[in-house]
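Observations on chain architecture
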Amino acid sequence: MMIQKVTLHHVRIPLKTPFANRLTTVTDRDLILVEAEDEQGSVGWGECVAFSSPWYTEETVGTAWHVMEEFLIPLLLHHRLEHPMEVPERFAPVRRHYMAKAALEGAVWDIWSQRQGISLAQALGGTRKRIAAGVVVGTGSPEDMMATIHRRVDEGYRRIKVKVKPNADVDVLTQIRKEFPDLPLMVDANSAYTLNDLEHLKRLDSFKLLMIEQPLAADDIVDHALLQRELSTPICLDESLHSLEDVRKAVEMGSCQIVNVKVGRVGGLSEAKRIHDYCQARNIPVWCGGMLESGIGRAHNIALASLAGFVLPGDISASNRYWERDLIQPEVVVHNGMIDVSFDRPGIGFAVDRKRVEEICLAKRTFTR
Ligand SMILES: O=C(O)CCC(=O)c1ccccc1C(=O)O
Ligand SMILES: [Mg+2]
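Looking up the chain in an unreviewed UniProt entry gives the name o-succinylbenzoate synthase, with the organism given as Melghirimyces algeriensis. Annotation of the chain in UniProt includes, under Function (unreviewed entry), the sentence "Converts 2-succinyl-6-hydroxy-2,4-cyclohexadiene-1-carboxylate (SHCHC) to 2-succinylbenzoate (OSB)." Recorded in UniProt for the chain, the comment headed Cofactor (unreviewed entry) runs: "a divalent metal cation".

Structural data, given as C-alpha cells:
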C-alpha cells in the first residue's frame, strides 16, 4: 500500500448544547478531517481530535495542521507500507504531536482494512458485536446536571460520567446517589485536585464510583500512586498517559488500576491496540475515551472498543448526543444502551457525508508530494 494523496479538511460543527468542563466550554467543535488515498484509489478517513485551544493537552488545530503539513504527511506520502502498524515507525522522527499522528494513521488503517476486504474492527482484532454506550455530563448547576442525568438514563446509557472539581463534587454526587443508588457512575476531574485535597478526596470513596478519572496533575504518575494507596476507589488515568511506556510505568508504580485509551492521546490505533494487549494480559480494565468526535472519529472508537479487553463502557455515545446532524451515514445510534459494531462493511463501516463536510469546511488543502 502506498499513500499518494492526503487532503486535510478543517471543519467547524456547532454542538447542540455547549460542553463545559472546569477548563473550557466548547460550543463549536473545530476538527481536522484527514482524507487519504492510496495508489489503487482507495480512500480512507481519519479525524484529528485536537481542540482549537490547548486546554486538554498542548496540541491545537493549528499545531496539528502545521505538523501534518510540514512533517508527517511528507513522511507518509509515497512510502510503501505493508501494514498500518508500521506508521508509528515512520513518524518516529517527530516527537509527541500524538493527535496529528493518530489522525493520519487512522486514515491508513481505514484504507488497509478496505484493501483486505474487512472491517476496521476486524482488522484491529475486535470481537464484540456491540459495545456498551456511556455518556458524559459536563459541569453545570446541580439542578441542570441532575436533569441531564435523568435524560441520559432514560435514553438507555449504561454508565454515566460526571465532571467534578473542588466545591462541585460531593453535593451533586449525594443527589445522584439519592435518586440513582445503583447507577454505574464515575467522575472525571481533569486534574482539578492536588494532594492537599487528600482528606476531601477520601470522601468520594463513599459514592460507590466505578473510578475517579485523572484527579491530579495532567503530567503526573507519582502523586497518583500516593493517592491510590489512600483511596479504595480505583483511579483511572487519562491525560497522564501518551504511550504504552507511560501505561507500563503507571501500572508498575500503582498510579492507576484502570486505563482510559484515547486514540488521539496515544498517537494512533496501533499504540492503542498495544496498550489494550498489555492491559488485557494483566487483567487491567481499559475503556475507550471520547473527544467530542464527529462520526468519523466515533467510528474509529467503536471499532477499537470491540476488542475484548475493553471491558468497561467508554465515552462513546450516539451521534445525536452532540450533533444536530453527523458527518456519517448511517448515524451512530444507541439501542438498549448498546451500539452496534460494523463488521459487514470494509473499513470504518460508515459513509462520509461529503456534502455536509463541504458545507462546514473552513479550509481545505490537498498534498501529493
Ligand atoms: O463525550 C466525550 O466525547 C468525552 C467527553 C470528555 O470527557 C472529554 C472531552 C474532551 C476532552 C477531554 C475529555 C475527557 O475525558 O477528559
Ligand atoms: Mg478525562
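1. Quick look at the site of ligand 1
Inspection of the region around ligand 1 gives 17 residues, with Lys 163, Asp 188, Asn 190, Leu 292 and Tyr 322 positioned closest. Separating an oxygen atom of ligand 1 from a side-chain N or O atom of Asp 238 is a distance of 3.2 Å. Within the backbone of Met 291, a nitrogen or oxygen atom sits 3.3 Å from an oxygen atom of ligand 1. Out of a free accessible area of 390 Å², ligand 1 has 99% covered by protein chains. Looking at the shell around ligand 1 residue by residue, the classes come out as 8 nonpolar, 2 polar and 7 charged. Two domains each put at least three residues into the shell around ligand 1: domain 1 (3–116 + 353–367) and domain 2 (123–340).

2. Observations regarding the confidence of the model for the chain
With 100% of its residues at a pLDDT of 70 or more, the chain has an overall mean of 97. Taken element by element, the chain is modelled with least confidence in helix H5 (residues 142–154), mean pLDDT 96, and with most confidence in strand S9 (residues 235–237), mean pLDDT 99.

3. With respect to the packing of aromatic side chains
For the coordinates displayed, the defined rule picks out 5 aromatic pairs. Ring geometry for Trp 55 against Tyr 56: centres 5.9 Å apart, planes inclined by 65°, an arrangement best described as edge-to-face. Since its relative accessible area comes to 17%, Trp 55 is described here as buried. With a centroid separation of 6.2 Å and an interplanar angle of 85°, the aromatic rings of Trp 109 and Trp 112 are classed as edge-to-face. One end of the pair, Trp 109, and the other, Trp 112, are both in helix H3 (residues 98–116), 3 residues apart, so they sit about a helical turn from each other. With respect to class, Trp 109 is no different from Trp 112; both count as buried. Positioned above the aromatic ring of Phe 343, the side-chain terminus of Lys 129 is 4.6 Å from the ring centre. Of note, Arg 159 hangs over the ring of Trp 287, and the distance from its end group to the ring centre comes to 5.5 Å.

4. Things to note about the UniProt feature "domain: Mandelate racemase/muconate lactonizing enzyme C-terminal" (unreviewed entry) in the chain
As recorded in UniProt, the feature "domain: Mandelate racemase/muconate lactonizing enzyme C-terminal" (unreviewed entry) lies at residues 142–234. End-to-end, the C-alpha atoms of residues 142–234 are 24 Å apart, and along that stretch the chain is 41% helix and 12% strand.

Thresholds applied
Chains are numbered independently. Their residues run from 1 in the order of the written sequence. A letter from A marks each chain and a number from 1 marks each ligand, given out in the order of writing. Selection of residues for local features in this predicted model requires a pLDDT of at least 70, selection of side-chain atom pairs for listing and counting requires 80 or more, and totals for whole chains, interfaces and linings are taken over all residues. Hydrogen atoms and water are omitted, and side-chain values are computed over all heavy atoms in the structure. UniProt positions are given in the numbering used here, feature names are shortened, and annotations may be inferred rather than shown by experiment. The nearness test applies per residue and asks whether one of its heavy atoms lies within 4 Å of the molecule or strand. We define a polar contact as two N or O atoms separated by no more than 3.5 Å, with the added condition that, inside protein, one atom must be a possible hydrogen donor and the other a possible acceptor, whereas residues neighbouring each other in sequence contribute only through side-chain atom pairs. Areas reported as accessible are Shrake-Rupley estimates using a 1.4 Å probe. Residue values count occlusion only from the protein chains shown. Side-chain classes follow a simple rule in which Ala, Val, Leu, Ile, Met, Phe, Trp, Tyr, Cys and Pro form the nonpolar group, Asp, Glu, Lys and Arg form the charged group, and the remainder, Gly included, forms the polar group. All the domain ranges listed were derived from an automatic or database domain assignment. Per-residue confidence from the predictor is reported as pLDDT, which spans 0 to 100. Here a helix means four or more residues in a row that DSSP labels H or I, a strand means two or more in a row labelled E, and each is numbered from the N terminus. Pairing of aromatic rings covers Phe, Tyr and Trp, the last through its six-membered ring, and needs centres within 6.5 Å; plane angles under 30 degrees mean stacked, over 60 mean edge-to-face, and all others mean tilted. Exposure classes here rest on a 1.4 Å probe applied to the protein chains alone. A residue is buried below 20% of its type maximum, exposed above 50%, and partly exposed in between. Put simply, a charge is over a ring when the Lys NZ or the Arg CZ is close to the ring centre, within 6 Å, and near the line of the ring normal, within 35 degrees.

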